[in-house]
Amino acid sequence: MSERYEFEMPLEPERYELTAPPAYHFELDRRDWFKFLGAGLLVVCVMKNVKAAQETGGAKKPAGEALPEEIGAWLHLGEDGIVTVYTGKVEMGQNIRTSLSQAVAEELHVAMGKIRMVMGDTQLTPFDRGTFGSLTTPTMNRQLRKVAAAARNLLVELAATQWKVERKDLVAADGRVSDAAGKRSVEYAALVKGQQLTQAVPADETLAPAAQWKVAGQPLPKVDGRDFVTGKHKYPSDQKLPEMLYGKIVRPSAFNATLVSVDTSEAEKMPGVTVVHDGNFIGVAAASSVLAARAAALIKAEWKAEPQPGQKEVFEYLKKNVTNAGEPVGLATHHDAGSVEPAMAAADHRLAQTYTVQYIAHTPLEPRAALAEWNGDHLTVWTGTQRPFGVRSELAAAFHMPEDHVRVLMPDTGSGYGGKHTGETAIEAARLARAAKKPVKVTWTREEEFTWAYFRPAGVIEVASGMLKDGTITAWEFHNYNSGASGFETPYDVANQRIAFHATKAPLRQGSYRGLAATANHFARETHMDELAHVVKMEPLEFRMKNLKDERLRAVYQAAAKKFGWGRAKSAAGQGFGVAGGYEKGGYVATCVEVAVDRGTGEVKIARVVTVFECGAIVNPDGLRNQIEGANIMALGGALFEAVEFENGRILNGLMSLYRVPRFRDIPPIESVMLERKDLPSMGAGETPLMGVAPAIGNAIFDATGVRLRGLPLIPNGLKIS
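Parameters at a glance
- Residues numbered from 1 in each chain as written.
- Predicted model: local features only at pLDDT ≥ 70, side-chain atom pairs only at ≥ 80, totals over all residues.
- Heavy atoms only, no water.
- Salt bridge = Lys/Arg side-chain N within 4 Å of Asp/Glu carboxyl O.
- Helix = DSSP H or I, 4+ residues; strand = E, 2+ residues; numbered from the N terminus.
- Domains from an automatic or database assignment.
- Contact = heavy atoms within 4.5 Å.
- Buried area = accessible area lost by both parts, 1.4 Å probe.
- Nonpolar A, V, L, I, M, F, W, Y, C, P; charged D, E, K, R; others polar.
- Pairing = 2+ DSSP bridges.
- Axes fitted to C-alpha atoms, helices over the stretch in contact; angles between N-to-C directions.
- Parallel < 35°, antiparallel > 145°, perpendicular 65-115°, else oblique.
- Left-handed = near helix turned anticlockwise from the far one by under 90°.

*Asks:* What should I look at first to understand the pattern of salt bridges in this one?
*Replies:* Where charged atoms from two side chains of opposite charge come close, those side chains can pair. Taken as a whole, this structure holds 39 salt bridges when the rule is applied. Its salt-bridge partner being Arg176, residue Glu187 comes within 3.3 Å of it at the nearest N-O pair. Within this pair, whereas Glu187 is found in strand β7 (residues 185-187), its partner Arg176 is found in strand β6 (residues 176-179), the two being separated by 11 residues in sequence. Members of the salt-bridge network, linked through shared partners, are Glu12, Arg15, Glu584 and Lys585.

Structure representation (structure tokens):
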């Protein structure tokens with residue numbers, strides 16, 4: 001099975017939220033699967049040491065204590081012909097439920113309508129680290145194909161045994177096994193009727209090559225899509241239980257503030273209100289959200305916070321507060337090749353520049369929400385999270401209880417973008433529910449989401465390079481402070497390199513964001529490449545191709561240039577063209593942008609975006625196109641105007657009316673080109689299409705005006721042209 005690949009994938013250093021200390025410290029005393037699915041076929045596998053691979057939370061096992069082997073069930077074929085598939089991956093708007101169903105339908109040879117996908121339920125699904133890192137398609141899609149193929153092969157074996165024929169004379173198709181002559185045929189459901197069959201997943205299960213796909217590779221409509229557009233689907237914030245109460249949390253006055261004193265007496269006088277003060281946690285539960293808010297407002301809490309840096313000095317602060325003294329701090333944080341200093345000294349041209357990226361917010365459509373219910377010493381939580389098993393561990397640790405007493409369910413949630421990895425909202429709801437002895441739902445307000453969720457890290461990136469007169473890059477030095485190491489290695493052919501990530505103290509809570517630091521690193525690298533091209537007076541795309549050997553990256557650049565019409569003459573004043581590209585998470589992207597700049601007003605209009613993306617064999621073309629376009633739209637915000645404004649531990653623009661995200665009028669024509677490689681494994685598409693947008697825009701603005709912008713966002717207040 002694929003758990004080796006899935007569980008041993010190293011975590012990038014910028015996933016700060018996974019190593020952060022718990023949000024709350026409770027003063028609580030410690031308290032102390034078999035699934036009955038009916039007759040049918042159950043496909044399972046043995047998963048070893050999966051709890052040891054859990055990256056955060058939970059009470060640790062004593063050193064040397066053996067972990068039990070766990071049986072994980074992946075697929076159940078019932079007597080009614082319904083195929084129930086179990087995966088710890090979750091659906092948060094990326095349409096992965098559809099492509100995973102296609103994987104099963106392809107190998108099991110059943111109709112899509114027969115498949116039911118159970119996702120993100122820690123009681124029912126196999127352990128999973130989480131839905132992040134563009135890992136679902138390369139890992140889970142393949143895993144479920146192997147599971148479905150194992151089930152299909154067993155069904156064929158059953159038919160061969162019943163009919164006393166050779167297995168090679170039988171075929172499986174359309175939910176049936178038939179003989180080659182077409183004289184006999186039996187439905188899968190009939191084969192398993194009255195039996196309880198178990199089949200393990202072979203490690204070497206043969207899968208259909210992409211060139212032979214019949215269901216996978218097709219632009220099938222989104223599973224349950226009608227429920228989402230009609231309002232039938234219930235998101236985490238829509239969940240309800242009988243006698244449910246609503247929770248409200250009293251927040252600190254600033255980041256890193258400590259509680260000095262609290263007076264809850266006035267709130268406690270309100271009938272029907274439960275007040276909880278436990279350690280640094282203060283919250284209330286009441287019969288309505290309005291009543292809960294009123295009660296919380298009556299609580300008088302005094303907090304103490306030390307002076308903290310603000311947005312204006314954040315880059316200086318990061319450079320001054322390096323915590324690793326320039327040495328590697330973890331996985332994939334340092335890369336060296338050749339001898340940088342001699343190559344730099346011998347270069348005909350040398351260039352050194354600094355690039356910066358501001359903190360930005362995830363701004364999911366649905367803020368965090370959780371509904372918690374206790375049944376004795378067992379806890380059930382419905383919450384919007386990308387890591388149900390991680391949240392289960394956090395809950396178990398917070399309440400000093402075994403993980404098998406905690407169940408986390410994830411109803412398909414309203415987006416995450418890397419921002420819903422942690423379980424603070426689930427813990428808040430569970431703590432209030434324990435005190436109230438009733439189910440409690442906590443739904444963060446938009447202002448809470450902006451303020452108390454973690455942010456995409458700010459960063460300072462210093463790049464120094466050397467090249468020959470003909471444009472050959474001979475030396476490359478790249479240092480990222482705080483933002484992260486994802487995508488920091490250059491795809492260009494440079495013999496002498498020094499690339500490093502430097503961890504720092506951070507003024508804000510920070511963590512995973514769609515694409516991680518690859519967005520920042522691509523921005524710095526691709527802007528610098530444009531600057532180098534300008535130094536030697538070479539056309540920007542020609543300069544890249546001169547220094548590029550990677551054929552897959554060359555292919556997307558060439559396709560983007562052709563689609564865009566790269567090299568054509570400008571037709572108007574203020575018009576500019578920019579190009580950028582790279583690879584990350586197994587995907588290759590190139591983006592061309594056209595801008596129109598009004599030199600009088602400084603207004604910049606994005607006139608056109610062309611993005612070419614290649615991620616191996618395509619599972620669902622419509623889903624992939626949606627991912628590319630959605631990534632481009634999201635990238636516009638971080639490129640142009642998104643930035644968290646903060647001062648002395650407080651967020652200053654924590655409302656939708658103050659925090660600028662892309663609006664309909666900001667969206668240019670976006671042309672997506674998908675290069676398919678059926679000879680290569682399918683890779684994820686949720687992150688990489690973002691990478692080229694910001695540098696391509698910045699390069700286009702330079703082409704139009706001669707103004708070089710080296711910080712994200714590029715034009716939060718319009719372009720200043722002197």
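*Asks:* I tried to follow the domain arrangement of the chain on my own but got confused; where do I start?
*Replies:* Size of an interface, as often reported, equals the accessible area lost when the parts are brought together. For the chain, the domain assignment lists domain 1 (3-229), domain 2 (239-305 + 378-443) and domain 3 (321-359 + 455-712). Taken residue by residue, the interface counts 26 residues in domain 1 and 30 residues in domain 3. Of the roughly 2,200 Å² buried where domain 1 meets domain 3, counting both sides, 56% is carbon and sulfur surface. It is Glu14, Tyr16 and Ser134 in domain 1 that bury the most area against domain 3; as a group they hold 29% of the surface buried on that side. Taken together, the links from domain 1 to domain 3 amount to one salt bridge. Where Lys585 meets Glu12, a salt bridge forms, and the shortest distance between an N and an O atom there is 3.4 Å. Secondary structure elements with two or more residues in the side of domain 1 that touches domain 3: α2 (96-108) and α3 (136-163). Broken down by class, the residue content of the side of domain 1 that touches domain 3 amounts to 11 nonpolar, 11 polar and four charged.

*Asks:* Please explain the sheet that holds strand β24 (residues 587-597) as it appears in this structure.
*Replies:* Strands belonging to one sheet form pairs held by backbone hydrogen bonds; the direction of such a pair is parallel or antiparallel. The strand order across the open sheet formed by four strands is β23-β24-β25-β28, and the pairing between neighbours is mixed. Each edge of the open sheet is held by one strand with a lone partner, namely β23 (575-584) and β28 (670-675). Averaged over all pairs of adjacent strands, the angle between their axes in this sheet comes to 15°, without regard to strand direction. Here strand β25 (residues 604-614) runs beside β28; their pairing, made up of six bridges, is parallel. Looking at β28, one finds that Val612 is bridged to Val673. Across the sheet, helix α15 (residues 551-564) is in contact with β23, β24, β25 and β28; its angle to β24 comes to roughly 30°. Along the sheet, helix α16 (residues 621-640) makes contact with β25 and β28, crossing β28 at roughly 130°.

*Asks:* Looking at this structure, how should I read the packing of α2 against α3?
*Replies:* Describing two packed helices takes the angle between their axes plus the distance from one axis to the other. Axis separation between α2 and α3 bottoms out at 7 Å; the angle between their running directions is 30°. When the axes of α2 and α3 are compared, the pair comes out roughly parallel. Relative to α3, α2 is oriented so that their crossing is right-handed. Contacts from Ile96, Ser99, Leu100, Ala103, Val104, Glu107 and Leu108 in α2 reach Thr136, Thr137, Met140, Asn141, Leu144, Arg145, Ala148, Ala149, Ala151, Arg152 and Leu155 in α3. When the residues that make up the contact of α2 with α3 are grouped by side-chain class, the tally is 11 nonpolar, four polar and three charged.

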